[in-house]
Structure formats: structure tokens, C-alpha cells
Amino acid sequence: MTDYRELARTIPPLLEQLHRGASDLRDALEQLQDAGKPWQHYLLQPPFAQEAAQTLQASFERPFSLAAALYAQLDYAEPLGSGADARATLQIPGLLAVPEKTLNLARQLNNHKEAFANAIAEYRSALEARPMAERDRNVREILAGAGYPRAHLRQCYRLVLLCRERPDALTLSWIKARKSIRKVTVEWCEKKLVQLDPTGADPGIQYQRQLLAGVPKSQQEDLRQVQVQSRPNLQVAEIFFSQEVDEEERYHQVGYSSMPVLVSANEAGQLPEFTRVDHQPSASRRRQRRDLAIANEPFLPALRVFLRQPR
């Protein structure tokens with residue numbers, strides 16, 4: 001069996017390495033911002049991106065500096081325990097033209113991110129028999145001991161998207177926010193609440209367990225978990241046009257651009273041809289889905305579980 005204490009010792013140096021890599025990429029982008037040669041950029045400004053720029057205290061007027069600050073933001077912007085959504089990350093979609101040296105720094109940073117994420121996963125796995133809350137607490141203690149008590153794991157894990165070779169064209173399109181609703185059972189809810197508070201020390205979780213225990217049998221079939229992807233995603237794809245007559249055009253999905261995608265620039269510092277889109281998706285013309293009569297307020301907030309209401 002792997003010694004979890006040995007695994008714990010591997011995490012701080014990997015986190016330090018991750019911060020150095022983010023700092024190197026930030027410095028390289030700052031140099032591009034202040035270079036005499038213009039480097040092409042295309043950053044979108046939906047409301048959530050404007051909020052992110054404000055949080056970073058940076059401006060869209062200096063796009064490379066803004067991206068530098070975003071890549072280097074590995075801590076929570078708000079203090080832990082402030083009530084902010086711990087799952088939320090700062091997001092600014094778009095494209096940046098960069099030289100090969102900057103692409104290499106981004107690749108190195110991604111390697112550091114993957115090594116750190118794997119180390120955290122291995123440590124959690126070694127403590128699999130322990131309650132989830134204890135595992136989370138142990139991880140936070142390791143991060144604090146490494147000098148980063150406010151480390152935001154999601155921002156530490158998410159990779160910088162990049163085009164590994166320069167395409168002939170890039171396509172951009174908005175993928176709108178989606179909602180999923182699934183039926184859950186009383187037993188499932190109880191199990192999840194116990195996992196969140198195995199010692200019974202959280203009064204909020206215990207109150208929700210009491211609410212769950214009081215659900216009449218006639219309403220136990222009406223529990224629904226609602227998961228909402230609150231922000232639209234910018235989908236980026238590369239198109240490679242073949243030079244051979246007998247070969248077909250190649251098309252590759254880069255991914256969702258929560259941070260600017262780094263693209264190999266030409267000698268003039270320009271991006272490949274790319275599509276322009278509005279700063280946010282247009283209003284849907286499709287008929288709205290008739291969701292089940294879900295209450296406005298969650299019944300079990302910790303699980304995002306609602307009660308279906310009679311029509």
C-alpha cells in the first residue's frame with residue numbers, strides 16, 4: 001500500500017513548480033504586450049469575462065497583460081469561507097497570437113499542472129477509506145503548509161489551450177449554457193449528505209438531513225437534482241487545409257476556451273484566419289424546454305436538490 005505521508009511530501013514542490021511555470025508564462029506575455037511589434041489578439045467580453053478582468057484588476061486594453069494575470073491566478077480571488085462558489089473559476093475566452101517560445105512555456109506549465117493534479121489524486125486515493133471531509137481538510141492543510149493556503153485547485157488544474165501547429169483557419173462558435181435535471185432518491189440524498197458531514201458537526205447539513213427525513217412518502221418521487229452550466233462556452237476548432245489533392249481537409253476540436261487559446265503566430269505576429277462571433281451568444285429562438293415544475297429555491301442546497309411542485 002502506498003504511504004499517504006510520502007505522497008503528501010511530493011505535493012509542495014510540485015505546487016511550487018506550478019507557480020514558477022505560471023510566473024514564467026506571465027512574464028513572457030507581459031513582454032509581448034510591451035513589445036514594439038504588434039501581436040494580434042481577439043478577446044471576447046461577455047459579462048463574466050468583464051467581471052474576471054475587474055477581479056484581476058486588469059484591462060482588455062492590454063490583452064496580453066490580462067491573459068498573463070489570468071494564467072497566473074492560481075489562488076481563490078475571494079477569501080475561503082466567504083460564501084463564494086468554490087467551483088467557480090475566472091474565465092476570459094478568446095485567441096492570442098504568440099511566438100514558439102511562449103507556446104513552449106505554456107506546454108511546460110501544462111506539464112506542471114498535470115503532475116500536480118496527479119499527485120493530489122494519488123494522495124486522495126491513498127485516503128479513500130477516510131471520509132471525504134477529512135480528505136479535503138488534509139489536502140487544504142498540505143497546501144497551507146506549502147505556503148499556498150488559498151490555492152484554487154480548479155484553476156491549478158485547468159490547462160492552457162494551444163494550437164500545437166499553426167492551422168490555416170480557426171472556427172469559433174458559442175455553445176450555450178445547459179441545464180440537466182435528474183430524478184434522485186431519498187437514499188441517494190441521505191448518503192451524499194452523510195459524506196459531506198460524516199461527524200455530524202455541520203448544523204446546516206444536519207438540518208437538511210432532518211428536512212429529508214420529513215419528506216412525506218407521497219413526495220419522495222419528486223426529488224430532482226438540477227445541474228446548471230451557468231456560463232456559455234466558446235468552442236474553438238482548428239481547420240487544416242491539405243496541400244494534397246487526394247487528401248481531405250483535417251478538422252480538430254481544440255476545446256472550450258475558458259482562457260485565451262494560444263496560437264502560433266506568423267512572422268508578422270498575426271493569427272490565422274478566424275471567424276468572429278458576438279461577445280455573447282444570441283438569444284435562442286428555439287422553444288424553451290418545459291422543465292418539470294421545479295421550485296425556485298433548492299430543498300437541499302448542499303446537493304442542488306429541488307422538490308417538484310404540483311401543477
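The shown structure was predicted, so the numbers you read here are calculated from the model rather than taken from an experiment.

Turning to unusual backbone geometry, a few remarks are in order. Note: most residues except glycine have negative phi, and most peptide bonds are trans. The backbone phi angle of Gln57 is positive, close to 55°, even though this residue is not glycine. Secondary-structure assignment places Gln57 in the loop between α2 (47-56) and α3 (63-72). Its identity as a non-glycine residue notwithstanding, Arg304 has a phi of 55°, on the positive side. Position of Arg304 among the secondary structure elements: in the loop between β9 (273-274) and β10 (305-307). Arg304 sits in the partly exposed class, given a relative accessible area of 28%.

Attention now goes to the nonpolar core. Leu25, Leu29, Ile92, Leu95, Phe116 and Leu262 are the most contacted members of the largest nonpolar core, which has 65 residues in total. Considering each element in turn, this core owes the most residues, ten residues, to helix α1 (residues 4-34). The residues contacting Phe116, other than those within four sequence positions of it, are Ile11, Leu14, Leu15, Leu18, Leu143, Leu153, Cys156 and Tyr157. Among the nonpolar cores identified, the runner-up in size contains 13 residues, and Val186, Cys189, Leu223 and Phe299 belong to it.

Sheet architecture is open: three strands sit in the order β1-β2-β8, paired in mixed fashion. At either end of the open sheet lies a strand with only one pairing partner, and these are β1 (41-43) and β8 (261-264). The sheet shows a mean angle of 30° between the axes of neighbouring strands, taken without regard to direction. When β1 meets strand β2 (residues 94-98), the two strands line up antiparallel, connected through three bridges. In the strand pairing of β2, His41 is matched with Leu96. Packed on one face of the sheet, helix α4 (residues 100-126) meets β2 and β8 and runs near 140° to β8.

With that out of the way, let us pick up the confidence of the model for the protein chain. Here the protein chain averages 87 in pLDDT, while 88% of its residues score no lower than 70. Here residues 285-291 is modelled with pLDDT under 50, and outside its nearest four sequence neighbours on either side it reaches six contacts, counting other chains as well.

What follows concerns the sheet that holds strand β7 (residues 250-256). Strand pairing in a sheet relies on backbone hydrogen bonds, with the paired strands running either antiparallel or parallel. Strand order across the open sheet formed by four strands is β7-β6-β3-β9, with mixed pairing between neighbours. Edge positions in the sheet fall to β7 and β9, since each has one partner strand and no second. Note that strand β3 (residues 169-175) and β9 share two bridges and pair parallel. When the sheet's bridge partners are listed, Ala169 is paired in β9 with Glu273.

This part covers the environment of Asn138. Within the element layout of this structure, Asn138 appears in helix α5 (residues 132-145). The spacing of Asn138 and Arg124 is 14 residues in sequence and 9.1 Å in space, taken between C-alpha atoms. The contact partners of Asn138, leaving out residues within four places of it in the chain, are Tyr123, Leu127 and Arg130.

About the criteria used
Residues numbered from 1 in each chain as written. Predicted model: local features only at pLDDT ≥ 70, side-chain atom pairs only at ≥ 80, totals over all residues. Heavy atoms only, no water. Helix = DSSP H or I, 4+ residues; strand = E, 2+ residues; numbered from the N terminus. Buried < 20%, exposed > 50% of the residue type's maximum accessible area, 1.4 Å probe, protein only. Core = buried A, V, L, I, M, F, W, Y, C linked by side-chain atoms within 4.5 Å. Contact = heavy atoms within 4.5 Å. Pairing = 2+ DSSP bridges. Axes fitted to C-alpha atoms, helices over the stretch in contact; angles between N-to-C directions. pLDDT = per-residue confidence, 0-100.

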